[in-house]
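Descriptive structure summary
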Amino acid sequence: MKNTILILLVNHISLTSCSKQNNNTNNGLSRVVFDPGNLKFISNSLNPKKKTMSALYGNEKALESLSKENQMPEAGSVMKLVTWKYHDNPQYIGGTITGELVSIETLQADHPGKVSYDIKNSLPQSSFPNKEERVQYFMSYRPASRP
């Protein structure tokens, strides 16, 4: 009886372990990894309605501007807000992972204090956001505190 159960168990394990199929569910999409270069992570946000997550990167001047809760970035500030679609993580229940890159928004303040805004995204040209609103949105971020 023990031998029969052992044989059935071994057969079951060998048959189920070999039935794994390579399901490529990318639908032709590729994940893009963003390289922030010399910019440091400042904060992140999540938009459950649009199913997007964003990460804000910046230099030291940008970090100082956001820490002081200024209305405008200090001269020399460089910030990048990177937004991705997010998806359920197939390896962990309840987890999410980044997917397609949606946009990279860049905010720079030169030394005379002139603020420039640029966006690279997959949205049509007509849906570009208002520059003043986006500057205020950038400045609403608060640096994440780390122990």
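So, here's what we can say about the structure. Keep in mind that this is a model prediction, so the values were computed, not measured. Every chain's residues receive numbers from 1 upward, in the order its sequence appears when written. Given that the model is predicted, a residue must reach a pLDDT of at least 70 before its local features are reported, and side-chain atom pairs must reach 80 or more before they are shown or counted; all residues, however, enter totals for whole chains, interfaces and linings. With hydrogens and water stripped out, all remaining heavy atoms of the structure feed into the side-chain values.

Quick look at the pairing of strand β3 (residues 78-88)
Stated precisely, the cut-off is as follows: A pair of strands is considered paired only if DSSP assigns at least 2 bridges between the two. Secondary structure counts use DSSP, requiring at least four H or I residues in a row for a helix and at least two E residues in a row for a strand, with both numbered from the N terminus.
Pairing geometry for strand β2 (residues 52-58) and β3, over 7 bridges, is antiparallel. Within β3, the residue paired with Y57 across the bridge is K80. Of the strand pairs in this sheet, β3 and strand β4 (residues 96-109) are connected by 10 bridges, and their pairing is antiparallel. Within the sheet, the bridge partner assigned to W84 lies in β4 and is L101.

Quick word on the packing of aromatic side chains
What counts, and what does not: Any pair of Phe, Tyr and Trp rings, taking the six-membered ring for Trp, is counted once the centres come within 6.5 Å. Such a pair is stacked with planes under 30 degrees apart, edge-to-face with planes over 60 apart, and tilted for the rest. Here the term buried applies to any residue with accessible area under 20% of the maximum for its type, exposed to any over 50%, and partly exposed to those in between, with areas from a 1.4 Å probe on protein chains only.
A full pass over the atoms with the stated rule returns 2 aromatic pairs. With a centroid separation of 6.1 Å and 75° between ring planes, the pair formed by F41 and Y57 is classed as edge-to-face. Of the two residues, F41 is situated in strand β1 (residues 40-47) and Y57 in strand β2; the sequence distance between them amounts to 16 residues. Judged by relative accessible area, which is 33%, F41 ranks as partly exposed. With a centroid separation of 5.4 Å and an interplanar angle of 80°, the aromatic rings of Y137 and Y141 are classed as edge-to-face. Since its relative accessible area comes to 32%, Y137 is described here as partly exposed. By relative accessible area, which is 5% here, Y141 ends up buried.

Things to note about helix α2 (residues 60-67)
Put simply, the rule reads: Note that the arc is defined by the directions from the helix axis to the C-beta atoms. Contacts are assigned to residue pairs with any non-hydrogen atoms lying within 4.5 Å of each other.
Every buried residue of α2 is accounted for by A62, S65 and L66. The arc that holds every buried residue of α2, seen down its axis, measures 95°, which confines them to one face. On its buried side, α2 packs onto β1, β2, β3 and α3 (131-139). Phi for E69, located one or two positions after α2, is positive at around 55°.

Focus: the pattern of salt bridges
Counted only if it meets this: A pair is scored as a salt bridge if a Lys or Arg side-chain nitrogen falls within 4 Å of a carboxyl oxygen belonging to Asp or Glu.
Tallied over the entire structure, the rule returns 3 salt bridges. Its salt-bridge partner being E60, residue K40 comes within 2.7 Å of it at the nearest N-O pair. Pair noted here: K40 is in strand β1 and E60 is in helix α2, with a separation of 20 residues, a long-range link. The class for K40 is partly exposed, based on a relative accessible area of 48%.

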